[in-house]
Amino acid sequence: MKIFLSVIIIIAAFILFLVLRTAAVTKKARKLTKSDLNFTDEEINSYAERLSEMIKCKTVSLKDSYDDAQFAKLRDVMARLFPLIDEKAEKMTFSDDCWVYKISGKNSDRNIMIMSHHDVVAADGEWKFDAFSAHIEDGKMYGRGTVDTKTPLFAEFSAVEELLSEGFVPECNLYIASSHNEELGGDGIPKANEYFKKNGIKFDVILDEGGAIIEPPIGGMKCDKCAMIAVHEKGRYYFNLKATAANAHASLTSAASNTPVERMSMFINEVTSGNIFIRRLNSQVIAMFEHLAPYCGFMMKLMFSNLWLFGPIIKSVMPKLNAQAGGLIGTTCTFNEIKGSSSEKLCTAKAFLRPVDKDDFKQDIKKFKEIAAKYDITVEEPDGNEYHAPADISKPQFEYTKECIAKVFPQYPASPFILPAGTDARTLTDVCPCVLRFAPIRLSKEQLASVHAENENIDLDSVASAVAFYKEFVKNYKV
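Rules of the game
Residues numbered from 1 in each chain as written. Predicted model: local features only at pLDDT ≥ 70, side-chain atom pairs only at ≥ 80, totals over all residues. Heavy atoms only, no water. Helix = DSSP H or I, 4+ residues; strand = E, 2+ residues; numbered from the N terminus. Buried < 20%, exposed > 50% of the residue type's maximum accessible area, 1.4 Å probe, protein only. Contact = heavy atoms within 4.5 Å. Core = buried A, V, L, I, M, F, W, Y, C linked by side-chain atoms within 4.5 Å. Phe/Tyr/Trp six-rings, centres within 6.5 Å; stacked < 30°, edge-to-face > 60°. Salt bridge = Lys/Arg side-chain N within 4 Å of Asp/Glu carboxyl O.

1. Looking at the environment of Val379
Here is step 1: Relative to the helices and strands, Val379 resides in strand 12 (residues 378-380).
Here is step 2: In this structure Val379 comes out as partly exposed when scored by relative accessible area, which is 25%.
Here is step 3: In sequence terms Val379 and Gly143 are 236 residues apart; their C-alpha atoms lie 44 Å from each other.
Here is step 4: When near neighbours in sequence (up to four residues on either side) are disregarded, Val379 contacts Phe239, Asn240, Leu241, Phe368, Lys369 and Ala372.

Structure representation (C-alpha cells):
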C-alpha cells in the first residue's frame, strides 16, 4: 500500500511540476489587447488611391527576357508618390532595375534595411476583375501584387516619406531595397549584396517579406491571427541522377530487377518511403512552439511548454499532419524529370533536397549517396545549390521587431517560423546576422491562397496599418 501511495504521490508531483511550468510560460507571455489603431476613411482611401497607381504597373517577371517599359512606368510613379525620398536618398540600381535607396543617419557606422520586391508573376487564370485595374470592392483592392509584394513596398516608402516630412533623421543609415526579379530568383539583390560586401557594409537587421499576419498555424489557438516572422529558409540542393546498364554492380547482375529504370525506381522508393534523413525539433521550431504556447488550449499549451518531455511525440506527429509541417523537422526530398524506359539502357532523374540544418544535411547527403551506390546510381551536384544561415533570434533586433508588432498589433501574438518558400533576403545572411522576413499585412486564408493565383487582394485598412508598423520600426530603432 505504501508503495502504491508513493507512486501516486510521485505521479501527482510530476503532473503538478508540468502544470506549474506551463503556468510560468503563460504568465511571462504578452497579454493580447485590443488595437487602438484608428484610421479615417480619408486616410484609408488616400493610401488606396496611391497604392493603386503601383498595382496598375504591369511589372511581370519573365524568364530570359526583360522589358523595361512597365518597370520605367513604376519608377516614374514612385518618384511622384514619394518626392522626399527621391530628393533626399542616395539611389543605386543593380542589374536591370533593383533599387537600393540610402538615407544617411546620425550614426554612419550602423545600418538597417527594409526591403521588398516590385516584380510580380503573370496574372493567369480567371479573375473577377482585371488583374492590373486595382479594382476596389467591399473594402478590398484586387490586383496582382496587392499581397506579393507591392503593398508592403508601398507601406515602406509611405512610412519613410511621412517621417521625412516631419523632419525625421534616422539614428543610423536606413536602406530601402526592392528587386525587379525576385520571382525568378534573379540577380538583383545578389548584385546589391556583392556591393555591400565589397564596401564592407553590414546591417544590424534586415526586414523583408515572407511572414505576415495570418490565421493561426495551430488549431485551437485563442486568437484569430498570428504575426509570423520567418527567421530561416530551407536550403536548396539539386542532384542529377543517372543509372546505366554499363554501371550495374556485379551483385545485381543476376538479379531480376537490374535494368536502369528498375534500379532508379528502387532507389527512389527507398529514399522516399524510408526514414533516411535526420529528424529533430531544431531551435527555430522549438522557438515557434514556445512563442505560441501561451495562446493555445490547455493540452497544447502543456505540451509546447514542456518540449523536453513531449518533443519526441510532437516530432513523430508533425509529418502526419501535412507535408509542410513535416518539412520543418528535417531534410525533404522530391524527385522529378524522371526519364527512361524498360528497354533503354539509361535512366535519369533529378532530386531536389531542402535541408533545415546544415550539419544534419552533411549526414543526410552521406546516407543519400550510400543508397545511390547500393543501386549503382551516379550522383552529380550541379552549380547553384545554396544554404543560408538562420537569423540569430538572440539578437536584440528580433526582440525589437516583436516589440513593434506588440505596439501596432497588440491583438496578435508574434512567433518565429521557418519559411518553406524563398525570398531575396536569404542571400543577405552574410552581411546581416538577423535577417527577418515579416510583411505587416493582415491576410485571411483566402487572401494568402491568392498569392500567385487568381483574385489576389488586400484589405484597405491593412494597408494603413502596414504603414503604421514601418513608421514604428524605422522611427524608434536605436543603435
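Once the structure has been displayed, the description carries forward.
2. Describing unusual backbone geometry
Here is step 1: That bond from Asp148 to Thr149 is cis: its omega, -10 degrees, falls within 30 degrees of zero.
Here is step 2: Note that Thr149 resides in the loop between strand 5 (140-142) and helix 5 (150-165).
Here is step 3: Positive phi is not limited to glycine here, since Ser95 has a value of about 55 degrees.
Here is step 4: Topologically, Ser95 is positioned in the loop between strand 1 (90-94) and strand 2 (98-103).

3. Section: the nonpolar core
Here is step 1: Residues Ile85, Ile114, Phe157, Phe289, Leu436, Phe469 and Phe473 are the most contacted members of the largest nonpolar core, which totals 98 residues.
Here is step 2: Residues within four places of Ile85 in sequence aside, it is in contact with Tyr101, Phe157, Val160, Glu161, Leu164 and Ile176.
Here is step 3: Counting residues in hydrophobic clusters, the runner-up holds 24 residues, among them Phe267, Cys333, Ala349 and Tyr387.

4. Here we look at the packing of aromatic side chains
Here is step 1: Under the counting rule described, the total for this entry stands at 26 aromatic pairs.
Here is step 2: A centroid spacing of 6.0 Å and a plane angle of 65 degrees characterise the contact between Tyr195 and Phe196, whose relative ring orientation is edge-to-face.
Here is step 3: Since its relative accessible area comes to 26%, Tyr195 is described here as partly exposed.
Here is step 4: We classify Phe196 as buried; its relative accessible area is 1%.
Here is step 5: When the ring of Phe267 is compared with that of Phe335, the centres are 6.0 Å apart and the planes differ by 80 degrees; the resulting orientation is edge-to-face. Here Phe335 lies in strand 10 (residues 332-339) and Phe267 lies in helix 7 (residues 260-273), a separation of 68 residues in the sequence. For the pair shown, Phe267 and Phe335 are each scored as buried.
Here is step 6: In textbook terms, an aromatic cluster arises when at least three aromatic residues are bridged by ring pairs, as seen for Tyr400, Phe409, Tyr412, Phe438, Phe469, Tyr470, Phe473 and Tyr477.

5. Comments concerning the pattern of salt bridges
Two side chains bearing opposite charge may form a pair once their charged atoms approach each other closely.
Here is step 1: In the structure shown here, the tally under the stated rule is 20 salt bridges.
Here is step 2: Note that Glu233 and Arg236 form a salt bridge whose closest N and O atoms lie 3.5 Å from each other.
Here is step 3: Taking relative accessible area as the criterion, Arg236 reaches 13% and is therefore assigned buried.
Here is step 4: Asp459 is the salt-bridge partner of Arg442, the closest N and O atoms lying 3.5 Å from each other. With Arg442 in strand 14 (residues 435-442) and Asp459 in strand 15 (residues 457-459), this residue pair connects regions lying 17 residues apart in the sequence.

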